[in-house]
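What follows is the residue order along each chain.
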Amino acid sequence: MHGETTLADVSPVAPAVISARRAVPAAIERPEYVDQAAPTPFTGSEVKDAETIAKMRVAGRLAAQARELVGSHVTPGITTDELDRIGHEFLCDHGAYPSTLGYRGFPKSLCSSVNEVICHGIPDSRVVEDGDIVNIDITAYLDGVHGDTNATFLAGDVDEESRLLVERTKECLDRAIKAVKPGRRVNIIGRVIEAYAKRFGYGVVRDFTGHGIGTSFHSGLVIPHFDSDHHAEEIQVGMTFTIEPMLNLGTHEWTMWDDDWTVVTRDLKRSAQFEHTLLVTPNGAEVLTHP
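Residues numbered from 1 in each chain as written. Predicted model: local features only at pLDDT ≥ 70, side-chain atom pairs only at ≥ 80, totals over all residues. Heavy atoms only, no water.

1. What about the environment of Asp159?
At step 1: Summarising the element assignment, Asp159 is placed in the loop between β5 (145-154) and α3 (160-179).
At step 2: For Asp159, a relative accessible area of 9% corresponds to the buried category.
At step 3: Along the backbone, Asp159 and His231 are 72 residues apart, and their C-alpha atoms lie at a distance of 36 Å.
At step 4: Engagement of the side chain of Asp159 in a polar contact is seen with the side chain of Ser162, the distance being 2.7 Å. (Helix = DSSP H or I, 4+ residues; strand = E, 2+ residues; numbered from the N terminus. Buried < 20%, exposed > 50% of the residue type's maximum accessible area, 1.4 Å probe, protein only. Polar contact = N/O pair within 3.5 Å; in protein donor to acceptor, adjacent residues only side chain to side chain.)

2. Concerning unusual backbone geometry
At step 1: In this structure, Asn115 takes a positive phi of about 55 degrees despite not being glycine.
At step 2: Looking at where Asn115 falls in the secondary structure, it is placed in the loop between β2 (111-114) and β3 (117-119).
At step 3: One non-glycine residue, Asp143, lies in the positive phi region at around 55 degrees.
At step 4: Following the sequence through the fold, Asp143 ends up in the loop between β4 (133-142) and β5.

3. Things to note about the packing of α3 against helix α4 (residues 188-198)
At step 1: Relative to each other, α3 and α4 sit at 145 degrees, their axes nearing to 9 Å. By crossing handedness, the relation of α3 to α4 is classed as right-handed. The segment α3 lies against α4, with Arg168, Glu171, Cys172, Arg175, Ala176 and Ala179 engaging Ile188, Ile189, Val192, Ile193, Tyr196 and Ala197. (Axes fitted to C-alpha atoms, helices over the stretch in contact; angles between N-to-C directions. Left-handed = near helix turned anticlockwise from the far one by under 90°. Contact = heavy atoms within 4.5 Å.)

4. What about the packing of helix α1 (residues 50-72) against helix α2 (residues 80-93)?
At step 1: Two elements in contact, α1 and α2, have axes whose closest approach is 9 Å; the angle formed by their N-to-C orientations is 150 degrees. Taken together, α1 and α2 sit at an angle that is classed as roughly antiparallel. Crossing handedness for the pair α1 and α2: right-handed. Contacts between α1 and α2 involve Leu62, Gln65, Ala66, Leu69 and Val70 on the former and, on the latter, Leu83, Ile86, Gly87, Phe90 and Leu91. (Parallel < 35°, antiparallel > 145°, perpendicular 65-115°, else oblique.)

5. Things to note about α2
Turn by turn, an α-helix covers 3.6 residues, leaving residues three or four places apart pointing in a common direction.
At step 1: Taking 1.5 Å per residue as the helical rise, α2 with its 14 residues ought to reach 20 Å, and the 20 Å between its terminal C-alpha atoms agrees with that figure.
At step 2: Taken together, the buried positions of α2 are Thr80, Asp81, Leu83, Asp84, Ile86, Gly87, His88, Phe90, Leu91 and Cys92.
At step 3: At its buried positions, α2 is contacted by α1, β1 (97-98), β2 and β4.
At step 4: Of the residues one or two after α2, Gly95 is the one with positive phi, at around 80 degrees. (Expected span 1.5 Å × (residues − 1).)

6. Focus on the packing of aromatic side chains
At step 1: All chains considered together, the criterion is met by 7 aromatic pairs.
At step 2: Geometrically, the ring pair formed by Tyr33 and Phe217 is stacked, given 6.2 Å between the ring centres and 25 degrees between the ring planes. Here the residue Tyr33 occupies a position in the segment before α1, and Phe217 occupies one in the loop between β7 (210-211) and β8 (222-223), the gap between them amounting to 184 residues. Assigned by exposure class, Tyr33 and Phe217 land together as buried.
At step 3: Ring pairs connect the aromatic residues Tyr33, Tyr103 and Phe217, which therefore count as one cluster.
At step 4: One Lys or Arg, Arg168, reaches over the ring of Phe200 and ends 3.8 Å from the middle of that ring. (Phe/Tyr/Trp six-rings, centres within 6.5 Å; stacked < 30°, edge-to-face > 60°. Lys NZ or Arg CZ within 6 Å of the ring centre and 35° of its normal.)

Taken by themselves, the reported measurements are silent on function.
Set out below in structure tokens:
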């Protein structure tokens, strides 16, 4: 297409200016880990009671609404810091705390991961450019529980290779959700994801995973996205966890910026990701992060 951005035209993402921390109204409940070196280790059950599940449905829906609102503003010319402001204000306006803010020192209310950034990109003064792909990862803490979700959005005229990567990453998540059944093992999830991703030669990120979630942001349960003989815990009714595959156009290997958060593909080829928080039901999985 005439005028279409090609990957060869795109400069690597570089760090930019991070604005001051946004305030959260005093009346909003904070998670216990805010501004601590690390969260208190989770010691409860991965199987949630009915009260916790009911709260997670509310938090998950709110997080999904925030994801879609922020995603609707992913257009050329906006800064990732402005995207953070939109998500932050939406959550606070609805009485929720942005779970990432102050988590192990993370300075912002969502993660914005652009192009070759795999995950944990910090919103800053970088302007979204025509042809970028932008992952928005946002989590709501409300009534003592977390709802965690992300999606990759297209900014302007995105090249075909990147659009297909995004579509197929979403398909990986959808296939993985369908594979969740009580009695199966957790590692079926990664097996399904990698089997589909391999058709297209994509790198499947191994070192960043899905996780158990509930009253704890990350409970300790690990959900790998690649085919692994490990993590063979039985999937049980009432479990809540995230599935969040990260697929790369090239290698699965990565490097981290000096900020100790931003993870980029080692070969600087693009990466896409999608995430839902799920509840295991007698018949499969209920997605808690639909708007």
